[in-house]
Amino acid sequence: MEEQLVFNNPHILEKLCGRIDYLNDFPASIEGEDLEDARLLGTLETDDFLGFVLGYSPEEGEVSPDHFKMLSKEENRQLNHYRLIKPVLPWPQPILGISVPGGEPAKVTGIHRVPVVLKSCGVAQVWWGGDVAVLWEALLDGDVKERQDYEALMNQLWGCCEVFLKGQGVRQVYTYNRDDEYPLKWYQGFLERRGYVPVKDRKITVRKILGSVRAG
């Protein structure tokens, strides 16, 4: 999908109203930290889950020839762009009207509006330049990690990152075949199912050639 501003984004609000009935009856707004620099890259969605993938303003700058051990010196020299990507969860925070009659308990008189706070539930980082990229620490954390559909949501997060990189002209995405946050067997199986293969003579390094890539 084309990148969109996050503040009061109609796509986000439509998705939220489809999941949370009472948002159809009260004014809703989208809030959170650093949203002025964020763009909507995609959604994380299963039957009973809704999240969003935000991309923050890309930064420019070269890395040293030895920065990523998984890359050759020439590949490191190509990297001149960086972007922080964050998966977020919507947390509606209704603002209530309260009546306090004399001598009686306070009563809720209604809902004035509903700010929906977008809270981080993971992270991903990408470096790229030319046709080469590194996808780093792409994960979902917190309560999301305990869900049975966790791999489906991880696939959507990684898919968003890969779609973005392909749009920048990247053809080869590198990463490590392990992450301390995950059991080794599961993580390596996840990467294999996503199409990452070992790189000869590069320790614990895997690579994916971007062909037909989708965010789901």
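## Considerations on the pattern of salt bridges
Next, step 1: Taken as a whole and assessed by the stated rule, the structure comprises eleven salt bridges.
Next, step 2: Between glutamate 75 and arginine 202 there is a salt bridge; the shortest N-O distance is 2.8 Å. Placement of glutamate 75 in helix H2 (residues 73–78) and of arginine 202 in the loop between strand E12 (197–198) and strand E13 (205–209) is noted, with a sequence separation of 127 residues between them.
Next, step 3: Lysine 208 is the salt-bridge partner of glutamate 162, the closest N and O atoms lying 3.0 Å from each other. Of this pair, glutamate 162 sits in helix H3 (residues 150–167) while lysine 208 sits in strand E13; the two residues are 46 residues apart in sequence, bridging distant segments of the chain.
Next, step 4: In this structure, a network of salt bridges that share partners links the residues Lys15, Arg19 and Glu45.

## Describing the pairing of strand E10 (residues 132–140)
Next, step 1: Among the nine residues in E10, seven count as buried, and that is most of the element.
Next, step 2: The loop that links strand E9 (residues 122–129) with its antiparallel partner E10 comprises two residues; one of these, glycine 130, has a positive phi angle of about 60°.
Next, step 3: Bridging between E10 and strand E11 (residues 172–176) involves three bridges; their strand directions are parallel. When the sheet's bridge partners are listed, alanine 133 is paired in E11 with valine 173.
Next, step 4: Handedness of the E10-H3-E11 crossover: right-handed.

## Some words on the nonpolar core
Next, step 1: Counting 34 residues, the largest nonpolar core has Val126, Leu135, Leu140, Val144, Trp158, Leu165 and Val173 as the members making the most contacts within it.
Next, step 2: Broken down by secondary-structure element, the contributors of at least two residues to this core are strand E3 (38–46), strand E4 (49–56), strand E6 (81–92), E9, E10, H3 and helix H4 (184–193).
Next, step 3: Residue contributions to this core peak at nine residues, all from H3.
Next, step 4: Look past the residues within four positions of leucine 140 in its chain and what remains in contact with it is Leu44, Pro87, Cys121, Gly122, Lys145, Tyr150, Leu153, Met154, Leu157 and Tyr182.
Next, step 5: Within the second largest apolar cluster, 18 residues are counted, among which are Leu13, Tyr56, Val88 and Leu118.

## Observations concerning the packing of aromatic side chains
Next, step 1: Summed over the entire model, instances satisfying the criterion amount to 13 aromatic pairs.
Next, step 2: Judged by centre distance (5.1 Å) and plane angle (90°), the rings of tryptophan 128 and phenylalanine 164 are edge-to-face. Here tryptophan 128, found in strand E9, pairs with phenylalanine 164, found in helix H3; they are 36 residues apart in sequence, far enough to count as distant.
Next, step 3: According to the relative accessible area criterion, tryptophan 128 is buried, its value standing at 5%.
Next, step 4: On the accessibility criterion, phenylalanine 164 (9% relative accessible area) is buried.
Next, step 5: Ring geometry for tryptophan 158 and phenylalanine 190: centres 5.4 Å apart, planes at 80°, overall edge-to-face. Here the residue tryptophan 158 occupies a position in helix H3, and phenylalanine 190 occupies one in helix H4, the gap between them amounting to 32 residues.

Parameters at a glance
Residues numbered from 1 in each chain as written. Predicted model: local features only at pLDDT ≥ 70, side-chain atom pairs only at ≥ 80, totals over all residues. Heavy atoms only, no water. Salt bridge = Lys/Arg side-chain N within 4 Å of Asp/Glu carboxyl O. Helix = DSSP H or I, 4+ residues; strand = E, 2+ residues; numbered from the N terminus. Buried < 20%, exposed > 50% of the residue type's maximum accessible area, 1.4 Å probe, protein only. Pairing = 2+ DSSP bridges. Right-handed = clockwise from strand over helix to strand, strands pointing away. Core = buried A, V, L, I, M, F, W, Y, C linked by side-chain atoms within 4.5 Å. Contact = heavy atoms within 4.5 Å. Phe/Tyr/Trp six-rings, centres within 6.5 Å; stacked < 30°, edge-to-face > 60°.

Remember that the coordinates give geometry; whether it matters functionally is a separate question.
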